[in-house]
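# Residue-level structure breakdown
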Amino acid sequence: MGRPLRIAIDGPAASGKSTLAQRLAAYLGYAYIDTGVMYRAVTWAALQRGIPVTDENALTRLAETLDLDILPPTEADGRPYTVLVEGVDITWALRSPEVDAAVSQVSAYPGVRRALTQRQRQIGLRGRVVMVGRDIGTVVLPEADFKLYLDADLKTRAWRRYRELQDRGEAVSFEEVLETMRQRDALDQGREVAPLRPAPDAVVLDTTAMDIEEVFQRVLALMEARCRETPHVAG
Ligand code: DC
């Protein structure tokens, strides 16, 4: 079977993108790139430095200059990668409720997006990547060979995220997670630059009633079908 060299996976928070992408990348021997990490790292650094999330100019400068590294995991604690900002390991701090609450606002600024999209595109064009985000198929890598848009209903996604946070010992209620997710959906879908939406040539998959194994098997079948239709993507 031929294989797409550049795989783009988009969709709202907790639609199952990261879990699927990690499995696909391991299966294909490709790099897994989670672009949300970059928006989270800029948000985390802004909160640390006391930069208000309303200060677009300062946030843009931060996105352009931040010393950010995404490496293979350096600890065996379940992390899919290690994220360093100025040499400090912030992998788990990126998942805090404070970053969750602010990241959509930070990622809506055109300057922040321009800086991070450029970094992401350079990585994506190398090929043999499974790249995950909100705008990979539409903006970052429109030439991707296989585009997938995962979705699931809001309550299901909030429940998945709530369980993840609980597993990590974060004290947060289901209602708070639901409300934050509702707000993030609205911001991600409503922003002017690169809003969250499926690319016209993306395959859309609703994972509400599916577990990860079902999603994985279904996507492999979809990928095979796509490669048969367009044999030139065969790697
Ligand atoms: O996937 P995530 O929850 O880690 O993403 C964090 C935020 O970053 C999310 O609210 C939307 C934004 N994001 C984006 O705008 N574009 C991307 N390619 C990835 C993430």
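Residues numbered from 1 in each chain as written. Predicted model: local features only at pLDDT ≥ 70, side-chain atom pairs only at ≥ 80, totals over all residues. Heavy atoms only, no water.

This part covers the layout of surface pockets. Here the largest pocket defines a volume of roughly 1100 Å³. For the lining of the largest pocket, the elements supplying multiple residues, two or more each, are helix H1 (17-28), strand E2 (31-34), helix H2 (36-49), helix H4 (97-106), strand E6 (129-133), helix H7 (154-167), helix H8 (174-190) and helix H9 (212-229). Residues that form the lining of the largest pocket fall into these classes: 15 nonpolar, 13 polar and 17 charged. Its boundaries defined by the atoms lining it, the second largest pocket holds a volume of some 420 Å³. Tyr32, Ile33, Ile70, Leu71 and Ile123 are, among the 20 residues lining the second largest pocket, the residues nearest its centre. The class makeup of the residues in the lining of the second largest pocket is 14 nonpolar, two polar and four charged. (1 Å grid on protein atoms, 1.4 Å probe; cavity = no way out; pocket = protein on both sides within 12 Å on 5 of 7 lines; lining within 4 Å. Points joined across faces, edges and corners; volume = space filled by probe spheres on them. Helix = DSSP H or I, 4+ residues; strand = E, 2+ residues; numbered from the N terminus. Nonpolar A, V, L, I, M, F, W, Y, C, P; charged D, E, K, R; others polar.)

Our next topic: unusual backbone geometry. One non-glycine residue, Glu86, lies in positive phi territory at about 45°. Among the structural elements, Glu86 can be located in the loop between strand E4 (82-85) and strand E5 (88-89). A relative accessible area of 47% means that Glu86 is categorised as partly exposed. The backbone of Arg128 sits at a positive phi, close to 50°, despite the residue not being glycine. Here Arg128 falls in the partly exposed class, since its relative accessible area comes to 46%. (Buried < 20%, exposed > 50% of the residue type's maximum accessible area, 1.4 Å probe, protein only.)

With respect to the element layout, Leu205 can be found in strand E8 (residues 203-206). When the C-alpha atoms of Leu205 and Gly11 are compared, they prove to be 9.6 Å apart, with 194 residues separating the residues in sequence.

This brings us to H1. Along its twelve residues, H1 runs 16 Å from first to last C-alpha, staying within 8% of the 16 Å computed at 1.5 Å per residue. Lys17, Leu20, Ala21, Leu24, Ala25 and Leu28 are the residues of H1 that are buried. End-on, the buried residues of H1 take up no more than an arc of 130°, which puts them together on one face. In this structure, the buried residues of H1 make contact with strand E1 (6-10), E2, E6, strand E7 (146-151) and H9. (Expected span 1.5 Å × (residues − 1). Arc of directions from axis to C-beta. Contact = heavy atoms within 4.5 Å.)

Here we come to the site of the ligand. Neighbouring the ligand are 15 residues, the closest being Arg40, Ser104, Arg113, Asp135 and Arg184. In the environment of the ligand, an oxygen atom lies 2.6 Å from a nitrogen or oxygen atom belonging to the side chain of Arg184. Cavity membership is defined here by more than half of the atoms lying within 2 Å of grid points; on that basis the ligand lies in the largest pocket. For the shell around the ligand, the secondary structure elements donating two or more residues are H2, H4 and H8. Top contributing element to the shell around the ligand by residue count: H2, with three residues. Counted by class, the shell around the ligand contains two nonpolar, five polar and eight charged residues. (Near = heavy atom within 4 Å. Polar contact = N/O pair within 3.5 Å; in protein donor to acceptor, adjacent residues only side chain to side chain. Sits in = over half its atoms within 2 Å of the grid points.)

Now for the sheet that holds E8. The pairing of strands in a sheet comes from backbone hydrogen bonds and takes either a parallel or an antiparallel form. Taken in spatial order, the five strands line up as E2-E6-E1-E7-E8 in an open sheet, and their pairing is parallel. Both edges of this open sheet fall to E2 and E8, since each of them pairs with a single strand only. If you compare each strand with its neighbour and ignore which way they point, the axes differ by 20° on average. Relative to E8, E7 is paired through four bridges, and the arrangement is parallel. Residue pairing across strands places Asp151 opposite Asp206, the latter belonging to E8. (Pairing = 2+ DSSP bridges. Axes fitted to C-alpha atoms, helices over the stretch in contact; angles between N-to-C directions.)

Strand order across the open sheet formed by three strands is E3-E4-E5, with antiparallel pairing between neighbours. Sheet topology places strand E3 (68-71) and E5 at the edges, where each strand pairs with a single neighbour. Summarising the sheet, E3 and E4 pair through four bridges and their orientation is antiparallel. Bridge pairing in E4 places Leu71 opposite Thr82. Most of the contacts of H2 go to E3, to which it runs at about 140°, and overall it touches E3 and E4.

The values are spatial; any link to function lies outside them.
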